[in-house]
Amino acid sequence: MDTNLRSYTVAEVTDGFIYNELEAKGLYGLAGQLVIQPEYQRNYIYNDGKRDVAVIDSLLKGYPLGLIYFVDTGSNLEVLDGQQRITSVGRFVTGKFAIKRAGREQTFGSLPEEDRDRILGSELLVYVCSGTEAEIKEWFQTINIAGVPLNAQELRNAIYSGPFVTAAKAEFSNSRNAHQQKWSAYVKGDPKRQEVLQEALSWVGAAQSPPQHIDGYMAAHRADTGIQGLKSYFASVIDWIDSVFVSVPDPSMRGLEWGRLYETYHGRPYHPTNVDERVQQLLSDPAVSSKKGVFEYVLGGEEDPRLLDVRIFDRATKQQAYNRQTTEANAKGTSNCPLCAHGSNANATRIYKLTEMEADHVAAWSRGGATTLDNCEMLCIPHNRSKGNR
């Protein structure tokens, strides 16, 4: 790949700057000759009142913004690295946000003339690169190890850029998409950092036959002009969740493996009212440590209480139960393990140490038994582990 070092002023780079508020990205600069956010670039993430302001403060103090990289495509230039900085500057000079100067909020237009001139006259050092797509993508990954690192999905978008990624980002990476609020009840992540798109791709990829990793799915569909399969599958999962769990989404539902749960359980019939009643009971049960496990526990017919991480008996409760059973056993001349005491072998009169016993629910927790002293029974380890959930 060939590189050529050039110098541009901020005034030149922001000439004709256009920012798309809906998609949250800078579009053009250099009087229309510069594409600021080509499709392999991540969304603009500096608009937080801190990083964008820091860029402008650097220019006002005369600090360099660091090297920037453009790609010469033959018909125009594209930003390879530096789009966050360029978009921040472009947004400021076009009045999209303000900074504080001497304790006062100042937009670009309200700054003193000398400050405006200092910003517009600042020089940006730019390496203009040319090469094959593979060389450019490899270089893009190499130079993006500084600053805010690209996450896995941002890198995939760069590697598999094309019409499919363009359409997928328009649907899943737009924070102003009206569906995002609904999706956020179940999907954990920032759409601008491609985390919602990543989840959608992981769901649909895993549902393929044979299952595909996200990279494989994106590679197979890179040239597709639409995302109907991805969009339909994602909607099917979300609609299924809504149809089974009819209450206002609980915060613990966010970030569950809904794609896997859909594939495992969507073929089973459920009575939404009954499901909701049981879910609410479990969510409010103080013995349930894992609220996130409640949903799969109910979907699976309540067969695996390990999903709930049911609160175990504390040390004081176990000690009290042990003392009670041992006192009674010594008085009767039997084992302090109730199951051994009913046997006929040598353990029928054995007194176990506390370390040789485990606490068990007399009435199983899954059948309504409470995690209290009255429902605590100490069993020898072999008997407790063979008892299971009976």
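A short tour of the structure in this document, coming up. (Residues numbered from 1 in each chain as written. Predicted model: local features only at pLDDT ≥ 70, side-chain atom pairs only at ≥ 80, totals over all residues. Heavy atoms only, no water.)

## Describing unusual backbone geometry
Part 1 of the argument: In this chain, Ser209 is followed by Pro210 through a cis amide linkage whose omega measures 0°.
Part 2 of the argument: The topology assignment puts Pro210 in the loop between helix H9 (195-206) and helix H10 (214-221).
Part 3 of the argument: With a phi close to 50°, Leu30 is a non-glycine residue in the positive phi region.
Part 4 of the argument: The topology assignment puts Leu30 in the loop between strand E3 (25-29) and strand E4 (34-35).
Part 5 of the argument: Positive phi values are uncommon outside glycine, yet Gln194 reaches one of about 70°.
Part 6 of the argument: If you trace the backbone, Gln194 turns up in the loop between helix H8 (180-183) and H9. (Helix = DSSP H or I, 4+ residues; strand = E, 2+ residues; numbered from the N terminus.)

## Quick notes on the side chain of Lys192
Part 1 of the argument: Among the structural elements, Lys192 can be located in the loop between H8 and H9.
Part 2 of the argument: For the buried Lys192, which has no salt bridge, the nearest side chain bearing the opposite charge is Asp190, at an N-O separation of 5.3 Å.
Part 3 of the argument: When sequence neighbours within four positions are dropped, the list of residues in contact with Lys192 reads Asn43, Tyr44, Ile45, Asn47, Glu154, Ser173 and Ser175. (Buried < 20%, exposed > 50% of the residue type's maximum accessible area, 1.4 Å probe, protein only. Lys, Arg positive; Asp, Glu negative; His and termini not counted. Salt bridge = Lys/Arg side-chain N within 4 Å of Asp/Glu carboxyl O. Contact = heavy atoms within 4.5 Å.)

## Topic: the pattern of salt bridges
Part 1 of the argument: Counting across every chain of the model gives 15 salt bridges.
Part 2 of the argument: Taking the shortest distance from any N to any O, the salt bridge between Asp239 and Lys182 comes out at 3.9 Å. Placement of the pair is Asp239 in helix H11 (residues 228-244) and Lys182 in helix H8, with a sequence separation of 57 residues.
Part 3 of the argument: Residue classification places Asp239 among the partly exposed positions, given a relative accessible area of 44%.
Part 4 of the argument: Since its relative accessible area comes to 38%, Lys182 is described here as partly exposed.
Part 5 of the argument: The salt bridge involving Arg260 is made with Glu257; its shortest N-O contact spans 3.5 Å.
Part 6 of the argument: Assessed through its relative accessible area of 48%, Glu257 is described here as partly exposed.
Part 7 of the argument: Within this structure, Arg101, Asp115 and Arg118 form a network of salt bridges that share partners.

## Considering the environment of Trp240
Part 1 of the argument: Looking at the secondary structure, you find Trp240 in helix H11.
Part 2 of the argument: A sequence separation of 205 residues divides Trp240 from Val35, and the C-alpha atoms of the two residues are 41 Å apart.

## Quick word on H11
Part 1 of the argument: Taking 1.5 Å per residue as the helical rise, H11 with its 17 residues ought to reach 24 Å, and the 24 Å between its terminal C-alpha atoms agrees with that figure.
Part 2 of the argument: Here H11 has its buried residues at Leu230, Tyr233, Phe234, Val237, Ile238, Trp240, Ile241 and Val244. In a view along the axis of H11, the buried residues occupy a sector of 155°, so they form one face of it. (Expected span 1.5 Å × (residues − 1). Arc of directions from axis to C-beta.)

## A short note on the pairing of strand E6 (residues 77-81)
Part 1 of the argument: For E6, a buried count of five out of five residues is recorded, marking the element as mostly surrounded by other parts of the structure.
Part 2 of the argument: As paired strands, E4 and E6 are joined by two bridges and run parallel to one another. Its bridge partner lying in E6, Val35 is registered against Glu78.
Part 3 of the argument: With four bridges joining them, strand E5 (residues 68-72) and E6 adopt antiparallel strand pairing. Bridging from a neighbouring strand, Tyr69 pairs with Asp81 of E6.
Part 4 of the argument: The antiparallel hairpin formed by E5 and E6 contains four residues in its connecting segment, where Gly74 sits at a positive phi of about 100°. (Pairing = 2+ DSSP bridges.)

## Description of the packing of aromatic side chains
Part 1 of the argument: Taken as a whole and assessed by the stated rule, the structure comprises 15 aromatic pairs.
Part 2 of the argument: For the ring pair Tyr186 and Trp258, a centre distance of 6.1 Å and an interplane angle of 80° mean the geometry is edge-to-face. Here Trp258 lies in helix H12 (residues 258-265) and Tyr186 lies in the loop between H8 and H9, a separation of 72 residues in the sequence.
Part 3 of the argument: Judged by relative accessible area, Tyr186 falls into the buried class, the value being 2%.
Part 4 of the argument: With a centroid separation of 5.6 Å and 90° between ring planes, the pair formed by Tyr233 and Tyr262 is classed as edge-to-face. With a gap of 29 residues between them, Tyr233 in helix H11 and Tyr262 in helix H12 connect regions that are remote in the sequence.
Part 5 of the argument: The exposure class assigned to Tyr233 is buried, which follows from its relative accessible area of 13%.
Part 6 of the argument: Taken together, the ring pairs in this structure connect Phe172, Trp183, Trp203 and Phe234 into an aromatic cluster.
Part 7 of the argument: Between the NZ or CZ atom of Arg91 and the centre of the ring of Tyr19, over which it lies, the distance is 5.1 Å. (Phe/Tyr/Trp six-rings, centres within 6.5 Å; stacked < 30°, edge-to-face > 60°. Lys NZ or Arg CZ within 6 Å of the ring centre and 35° of its normal.)

## With respect to the packing of helix H2 (residues 51-60) against helix H3 (residues 83-93)
Part 1 of the argument: As a packed pair, H2 and H3 sit with axes 9 Å apart at the nearest point and diverge in direction by 80°. Between H2 and H3, the angle falls in the class roughly perpendicular. Contact with H2, carried on its side by Asp52, Val55, Ile56 and Leu59, involves Arg85, Ser88, Val89, Arg91 and Phe92 of H3 and no other residues of that element.
Part 2 of the argument: In terms of residue class, the contact of H2 with H3 is built from five nonpolar, one polar and three charged. (Axes fitted to C-alpha atoms, helices over the stretch in contact; angles between N-to-C directions. Parallel < 35°, antiparallel > 145°, perpendicular 65-115°, else oblique. Nonpolar A, V, L, I, M, F, W, Y, C, P; charged D, E, K, R; others polar.)

## A few points about empty space enclosed by the protein
Over the atoms, a rolling probe the size of a water molecule traces out where space has been left empty.
Part 1 of the argument: What the rule picks out here adds up to one cavity of 30 Å³ or more.
Part 2 of the argument: Size it by volume and the largest cavity reaches roughly 40 Å³.
Part 3 of the argument: For the largest cavity, the full set of lining residues is Val10, Val13, Thr14, Leu65, Ile68, Arg85, Ile86, Val89 and Leu124.
Part 4 of the argument: When residues of the lining of the largest cavity are traced back to their parent elements, those giving at least two are helix H1 (10-13) and H3. (1 Å grid on protein atoms, 1.4 Å probe; cavity = no way out; pocket = protein on both sides within 12 Å on 5 of 7 lines; lining within 4 Å. Points joined across faces, edges and corners; volume = space filled by probe spheres on them.)

## Comments concerning the state of the cysteines
Part 1 of the argument: For the structure shown, the criterion picks out zero disulfides.
Part 2 of the argument: Counting only cysteine sulfurs, Cys337 is the nearest neighbor of Cys376, a cysteine outside any disulfide, at a range of 13 Å.
Part 3 of the argument: For Cys376, a relative accessible area of 2% translates into the label buried. (Disulfide = S-S within 2.5 Å.)

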